[in-house]
Structures are given as C-alpha cells and as structure tokens.
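Spelled out from the first residue to the last, the chains are:
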Amino acid sequence: MLRYIYASFKAVLTVAPRSRSRATSSASSAHVSEAEESLCNSIRNPTKHDKSITPSIQSYDMCIDSTSDVANGNPGAVKLAELSARIDSLEHDLEQEQQSRVKAESEVQQLSHKLKTVQNKWKRTASELDRVLSQAQVFNPVTDEELISMARQLQYNIRGFSIQYFSEPLLRSRFGLKPNYAEYLPEHYDAYLRYPENFLLVVQSFVWHVLASEVFDRFVWAGGASEGFDNLWDHIAHARIRESQKICMTTRKLHAWRATTTGLVLDHLNESDVSINQKSKAAIMHEIQMVLNKLSKQDYKSELDSILDEAINLDKVISSQAAKISWRFLEPQDGKYARKKLLSTNEGRVVVCPAMVKRGKSNGEDFDGESVLLPRVEEFCNMTGK
C-alpha cells in the first residue's frame, strides 16, 4: 500500500510543477520542495516515519491550494471559493431556520396546552355560573307531592263530574253539525256512545283532552299578556332541534325563561287582566258545553266552572316552575294496540286520565331524565251492549 501511495504522489510531484505558473514566488516553491522531500522520506522509511505521513500529505495539499489560489489567470479557483463561501452561508442560515422552527413548534405546543386549560376552566366557570344564576332566580318551587296532589284532585273532580251528570245520558246522542271541540272526543266515539255505560268514559276523556290542548301551556291566567305569551311559547317550544344535547339545553333555558316571565306577569296583573281571564275561561266553557249538551240536559255549569278554575290554577303553578310538565295520552305503539283490540274484541281503549310526566327539577337542574308523577288511566268501552 505504501508503494501505491508513493507512486501516486510521485506522479503528482512530477506533474504539479509544470501546471503551476512561472510567476509563483521562490518562497512558495521552497516550501513545496520541503513538503515533497519530507513526504518522500516518510514513504522510503515507513518504520521510522509512519506517523508523519498524514501531516506531510496535508502540508502538501495546503501548499498546492495556497499556490493555486494566488495564481494569476485562474478564475475557476476564485469562483469555487465564492461558491464554497456561499454554501457555508446558506448552511448557516438553514441551521438557524431549523432552530427557529423547532423553537416555534415548542411554543405552539405550550400555547395549545394553555388553550385547553383555559377552555376547561371556562366550561367549569360557565357551568358554575348557570347553577348560581338558577339558584339566584326565584321560581316558587313546588314539590312533586304538591303537584301530584293537585293533579289527583283534578282527576277526582272530573270523574265525579262525569258520574254525577252523565250516568243517565240522553237516548239520542248523535251529533248533527259537529261543534268545534268535537275533535277532542275519543276516536270511535260514535260507536262508544251507542251504549249508555260508555258515556262516563267518553266525557272524562273529552274533558282531559280539552284541558291539555286549551288550558295547559296556554297561559289563560295571564290576562292581557296571555295571547302574546302563548304565541311566543308555541313558536319556541315547537322549534325543531335535532341534536340531543342542544334539545336538553334549550329546554332548560326555555322553562327557566317561562318561570321568570310568569313571575313578572303575575306581579303586574290588574283588574283588567282578571276580566280578560274570565272571558277566556267563558269561551272555553262555551265550547265544552256545545259538546256535552248533546249528552246531558242537566245543569252542570257550576261544576264545570270549578274544574276549569282548578286546571287554570294548576297551569299557573306549573308555569312558575323551571321544570317541564307534559300530559301524555297515547304512545305511538298504543294506537296500533287499541285498533287491534277494537277489531278483535269489540272493545276500544279510552284514556280517561293522561300521564303527568316531569322533566328536570323545579330549580332548573337535571333535565336529562324524566319521571312519571301521575300514571295514565285507561278504560275499555263496551261495544256489545251486554
């Protein structure tokens, strides 16, 4: 291998002096000669000069480069030096840019972590604020037991009203021109009213349907504000919301608003509003009588007036709560079941009292679940005459 190195450098030493310019200084030539002689001695005596081979080669290269750089008429060497310097500069800029990028990515990660922390704190704060505000508002909370007691009393009075005035119905009970409230009669009522024992059930079902549609959530007690309150409530309460989470949140806010607005309306009722309430109730009573007068000729006006007063008062109490109260007659699957029973056994199922279902608490919390305060009551109408 040393022979190979010696032969290579001997060739270089032979060619190099010819390629250099004659303008090279004598000092540089002497320096090159010393390097050449040292390199040759190292190659001739490898045992003695092993460690000096590499320094000699490096020294020789430096001499050649130095001589070439100062040579006149050699622009390629100057251009190469400029490009080398430019590359060094770009490499330095690239290194600085990479360091800046790493630093920026680290800062972005830190800011993202801080943002998540702030968002979590904001959510907790908003939740706590809603809870504090709901507690700060006065909703006149009523216990479930009180609501159940009022609903049961209304149920009892409607049943007693039906027994007292419709146990001996008219023999001819068919409707000629149907009254407005005939739509609240149970399905197949014509078949049911052929038999006197069914009148009690039909009347109870009819009265409850009227109350659920014309009294509850209609704010009949609100006087002059009743119509506007009813229209706004009907528009918002029946808005289509698809996301379950938004449904829960919107329902809670809606009923909290209703409870607050109810308190404001009740605080400002006057004699004029009381008069409006009486007219609204009288209009409902008139439409009910247009139906029930086909089934009985007795004077039941006083008892019906009391039932309406109870229902209107119950709606006022419910409206003062931040909870949602709904009245349910038939579930979707119940209709199919009732028609099947009617066709197969000649009996039709009639809901004589709807279920009273509550969502949320009276203070506006826990709108995720429902509870049944009053179960639905059903009876079967006889259609055989036996």
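The structure reproduced in this document is the subject of the present report. (Residues numbered from 1 in each chain as written. Predicted model: local features only at pLDDT ≥ 70, side-chain atom pairs only at ≥ 80, totals over all residues. Heavy atoms only, no water.)

Looking now at the overall build of the protein chain. Broken down by element type, the protein chain carries 13 helices and 5 strands. For the protein chain, buried positions account for 33% of its 386 residues. (Helix = DSSP H or I, 4+ residues; strand = E, 2+ residues; numbered from the N terminus. Buried < 20%, exposed > 50% of the residue type's maximum accessible area, 1.4 Å probe, protein only.)

Attention now goes to the packing of aromatic side chains. Applying the stated rule across the entire model yields 13 aromatic pairs. For the ring pair W208 and W327, a centre distance of 5.7 Å and an interplane angle of 35° mean the geometry is tilted. Taken together, the residues W208 in helix α8 (residues 199-214) and W327 in strand β1 (residues 324-328) connect sequence positions 119 residues apart. By the burial criterion, W208 is buried, and W327 matches it. Aromatic pair F219 and W233: ring centres 6.0 Å apart, planes at 85°, arrangement edge-to-face. (Phe/Tyr/Trp six-rings, centres within 6.5 Å; stacked < 30°, edge-to-face > 60°.)

Nonpolar side chains tend toward joint burial in soluble globular proteins. If you look at the biggest cluster of nonpolar residues, it comprises 60 residues, and the most contacted ones within it are F206 and L211. Counting residues per element, this core draws most heavily on α8, which supplies 9 residues. Other than its neighbours up to four places away in sequence, L211 contacts L154, I158, F216, I307, L308 and A311. (Core = buried A, V, L, I, M, F, W, Y, C linked by side-chain atoms within 4.5 Å. Contact = heavy atoms within 4.5 Å.)

This next bit is on the environment of F229. With respect to the element layout, F229 can be found in helix α9 (residues 226-237). Considering only alpha carbons, one finds F229 and D217, 12 residues apart in sequence, at a separation of 9.6 Å. For F229, the residues in contact, after removing those within four places along its chain, are F219, W221, W257, R258, T261 and T262.

Strand order in the open sheet formed by 3 strands is β1-β3-β4, and the pairing between neighbours is antiparallel. Each edge of the sheet is formed by a strand with only one pairing partner; in this case those strands are β1 and β4 (370-374). Here the strands of the sheet are splayed against their neighbours by 30° on average, with no regard to which way each runs. Pairing of β1 with strand β3 (residues 355-359) involves 5 bridges; the strand directions are antiparallel. Note that in β3 the partner of W327 across the bridge is M356. Sitting on the sheet, helix α6 (residues 144-166) is in contact with β1, β3 and β4, with an inclination near 45° to β4. (Pairing = 2+ DSSP bridges. Axes fitted to C-alpha atoms, helices over the stretch in contact; angles between N-to-C directions.)

Backbone geometry places D217, a non-glycine residue, at a positive phi of 65°. Structurally, the position occupied by D217 is in the loop between α8 and α9. On the basis of relative accessibility, which here comes to 24%, the residue D217 falls in the partly exposed class. At F219, a position not held by glycine, the phi torsion is positive, near 60°. Along the chain, F219 turns up in the loop between α8 and α9. F219 gets classed as buried once you look at its relative accessible area, which sits at 0%.

Attention shifts here to the packing of helix α11 (residues 271-292) against helix α12 (residues 301-319). Two elements in contact, α11 and α12, have axes separated by 11 Å at closest approach and are oriented at 130°. With respect to their mutual orientation, α11 and α12 come out oblique. The interaxial crossing formed by α11 with α12 has right-handed handedness. Seen from α11, the contacting residues are K281, I284, M285, I288 and Q289; seen from α12, they are K301, L304, D305, L308, D309 and I312. Grouping the amino acids of the contact of α11 with α12 by side-chain chemistry returns 6 nonpolar, 1 polar and 4 charged. (Parallel < 35°, antiparallel > 145°, perpendicular 65-115°, else oblique. Left-handed = near helix turned anticlockwise from the far one by under 90°. Nonpolar A, V, L, I, M, F, W, Y, C, P; charged D, E, K, R; others polar.)

Bringing α11 into the picture now. End to end, α11 covers 31 Å across 22 residues, agreeing with the expected 32 Å (1.5 Å per residue, within 8%). Taken together, the buried residues of α11 touch α6, α8 and α12. Where α11 begins, the capping side chain belongs to N270, and its oxygen is found 3.1 Å from the backbone nitrogen of S272. (Expected span 1.5 Å × (residues − 1). Polar contact = N/O pair within 3.5 Å; in protein donor to acceptor, adjacent residues only side chain to side chain.)

Here we come to the packing of α6 against α8. At a minimum axis separation of 9 Å, α6 and α8 run at an interaxial angle of 135°. Relative to α8, the element α6 lies oblique. Handedness of the crossing formed by α6 with α8: right-handed. Two secondary-structure elements touch here, α6 through L154, Q155, I158, R159, F161, S162, I163 and F166 and α8 through F199, L200, V203, Q204, V207, W208 and L211. Counted by class, the contact of α6 with α8 contains 11 nonpolar, 3 polar and 1 charged residues.

Next up on the list: the environment of Q204. Within the fold, Q204 resides in helix α8. Its relative accessible area of 8% is what places Q204 among the buried residues. Q204 sits 147 residues away from V351 along the chain, and the two C-alpha atoms are 8.3 Å apart. Look past the residues within four positions of Q204 in its chain and what remains in contact with it is I158, R159, S162 and V352.

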